[in-house]
Amino acid sequence: MASGSGAEGEAVSGAQLIAEALKAQNIEYMFGIVGIPVTEIAIAAQAVGIKYVGMRNEQAACYAASAVGYLTGRPGVCLVVSGPGFLHALGGMANATINCWPLIVIGGSSDRNQETMGAFQEFPQVEAGRLYNKLSVRPSSLEVIPSVIEKAVRTSIYGRPGSCYIDIPGDFVNLQVNKSSVKYVECCLPPPISTAECSAVSKAASVIADSKQPLLIIGKGAAYSHAENNIRKLVDLCGLPFLPTPMAKGVIPDNHPNCVAAARSTALQHADVIILLGARLNWILHFGLPPRFRQDVKVIQIDICAEELGNNVRPAAVLLGDINAVTKQLLEEFSKRPLKYPSNSEWWKRLREKIMNNEERSKGLALQKSLPMNYYTVFHHIRELIPKDCILVSEGANTMDIGRTMLPNYYPRQRLDAGTFGTMGVGLGFAIAAAMVAKDQTPEKRVICIEGDSAFGFSGMEVETICSAPPVSLLPNSHYEEIMSAFGGKGYFVKTPEELQNALKASVTDKQTPCLINVMIDPQSERKKQEFPWLTRSNL
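Below: a short report on this structure. This one's a predicted model, so the numbers in the text were calculated from it and none came from an experiment.

### Describing the sheet that holds strand β9 (residues 214-218)
Then, number 1: Read across the sheet, 5 strands follow the order β10-β9-β11-β12-β13 without closing on themselves; strand pairing throughout is parallel. The sheet is open, and its two borders are formed by β10 (242-244) and β13 (317-320), each paired with just one other strand. The average undirected angle you get between the axes of adjacent strands in this sheet is 15°.
Then, number 2: Bridge count for strand β12 (residues 298-303) against β13 is 4 bridges, and the pairing is parallel.

Shown next as structure tokens:
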């Protein structure tokens, strides 16, 4: 029921409903860029205790929100404006869904009564969102907003996690209804934990027991499911060599004696049985096919998603269920029939020899004195000084790939990189999210972000977000002109009309050098009062 209809009872706006519904679903973090028509949503979110971070680009904001989902198991929210703002966030939605990270994107859209009229930033956002999200929906009324948000949060974390999009018409934001008419819902239950069939567990254990050259591959699905304790027990109990995928580093510390990351190619190429713990046989693992794998390799797949089982390689055994729960089932099975691969086997000798050779080569490169420095030298010095418990964010081709081998991880969920989608530009958004989560959970923990030149360029302006305190608005007196100077151009920082005139004259006269004039404007300065404020109907 709309405001002004004479109905009795307490009224609540669409913005308040959204904020309260998110809070009811235990949402803690929101990232975005405010503007028409979502500004009031950000303010309402802050009023209920949700931490809002104003970013410089919607794509980076979406990356940050998705990283929160991975780090906490509860989706972060990315708040975007209509049209271009929504489109800029699509990369983050796709990255979250491909990475299997929970994410909620809330996008403003044009008013309902202006659809098909060429409204401000009108775009078919719900339809476009379906390609990138598990759920793409527009609430039919203010009354159902809490139900829609509950379903989006639940969908984002149940089964294989992913992104969900909620479209909010601009006229919903300040529209009001009576609280008594709203369909309020409680927080969704935690994701159900499924276990594998007992017969499948027994079969998998038999295949492992019969193998001569086994290899356990740990994927980031294992990190997400917090399976580190049970996986560590399985490795120690059975003496299995293990190989972590990039973001699974630290599920078991990289310095564990059974880690064969330094002999990755040899381990993959010669293993006769591979146990996939939350890892997919996609491009990162060469699809499980020759020549990177044996033609007759037996694969045991453990995954929460049934559709993933059997992709590219017919598995010898499939265990459908939560990684942590299924690993516990395997532990129980091996407690009945103890298994321990001898550390002096030919398989282990071969792996250790390759590890030693590769580590010696890396050490030789790291100790080179030539200038400019090579990657190995740089990472050698970084490794010596960074804390063991820091969160490492890394992106860029060689920067990320070589850094993965040179910079060890000792704890789970503390490495973030380009991921399954191979996305560049995620680094600073990930770092901001990691810093926010770390500040709340372990304030002493440091976040180290290591970027290649190209990767940094995608979202380099987010350094301003990093420096903001609190990061909710643009920094006053930011010296943007220094960026131009850093690249060989000329920068001018002007505060007065005289300085502006001088800078303009110098810039116009100098026809060879790119120039940037950074003009300080009174933050309270606004446009003249509009006679028909149809695009600025905000109550703020």
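### With respect to the nonpolar core
Then, number 1: Core analysis: the biggest nonpolar cluster contains 115 residues, and Phe-31, Ile-231, Ile-300 and Leu-319 have the highest contact counts within it.
Then, number 2: Take this core: its biggest share by element is 10 residues, from helix α3 (residues 58-72).
Then, number 3: Excluding residues that lie within four positions of it along the chain, Leu-319 makes contacts with Ala-196, Ala-200, Val-201, Ala-204, Ile-300, Gln-301, Ile-302, Asp-303, Val-326 and Leu-330.
Then, number 4: The next biggest cluster of nonpolar side chains, apart from the first, holds 21 residues, and it includes Leu-268, Leu-276, Val-299 and Trp-348.

### What about unusual backbone geometry?
Then, number 1: Cis geometry marks the peptide bond from Ile-36 to Pro-37, where omega comes out at 5°.
Then, number 2: Within the element layout of this structure, Pro-37 appears in the loop between β2 (29-32) and α2 (39-47).
Then, number 3: Look at the link from Pro-290 to Pro-291: it is a cis peptide, with omega at 5°.
Then, number 4: Secondary-structure assignment places Pro-291 in the loop between β11 (273-277) and β12.
Then, number 5: Of note in this structure, Thr-116 is not a glycine but carries a positive phi near 70°.
Then, number 6: Residue classification places Thr-116 among the exposed positions, given a relative accessible area of 75%.

### Notes on the sheet that holds strand β3 (residues 51-54)
Then, number 1: Taken together, 6 strands build an open sheet; the order of strands is β3-β2-β4-β5-β7-β6 and the sheet is parallel. Of all the strands in the sheet, just β3 and β6 (135-137) have a single pairing partner and so form its edges. Each strand of the sheet is rotated relative to its neighbour by a mean of 20°, with strand direction disregarded.
Then, number 2: Bridge analysis of β2 against strand β4 (residues 76-80) gives 3 bridges, and the strand direction is parallel.

### A few points about the environment of Ile-217
Then, number 1: Among the secondary structure elements, Ile-217 is positioned in strand β9.
Then, number 2: You can call Ile-217 buried: its relative accessible area is 0%.
Then, number 3: Through-space distance from the C-alpha of Ile-217 to that of Gly-9 is 58 Å; in sequence the pair is 208 residues apart.
Then, number 4: In this view, Ile-217 contacts Leu-243, Thr-245, Leu-268, Ile-274, Ile-275, Leu-276, Leu-277, Ala-279 and Leu-285; residues no more than four positions away in its chain are not counted.

Cut-offs applied
Residue positions are given per chain, counting from 1 as you read along its sequence in written order. With the structure being a predicted model, the display of local features is reserved for residues of pLDDT at least 70 and the display and counting of side-chain atom pairs for 80 or more, all residues being used for whole-chain, interface and lining totals. Note that the side-chain values use all heavy atoms of the structure and ignore hydrogens as well as water. Any two strands with at least two DSSP bridges between them are considered paired. A run of DSSP states H or I qualifies as a helix once it reaches four residues; a run of E qualifies as a strand once it reaches two. Both are numbered from the N-terminal end. Note on method: axes are straight lines fitted to C-alpha atoms, helices fitted across the in-contact stretch only, with angles between N-to-C directions ranging 0 to 180 degrees. Only buried residues count toward a nonpolar core, which is a set of Ala, Val, Leu, Ile, Met, Phe, Trp, Tyr and Cys residues joined through side-chain atoms within 4.5 Å. For the exposure calls, accessible area comes from a 1.4 Å probe over protein chains only, and a residue counts as buried if that area is under 20% of its type's maximum, exposed if over 50%, partly exposed in between. Contact criterion: two residues are considered in contact whenever any of their non-hydrogen atoms come within 4.5 Å of each other.

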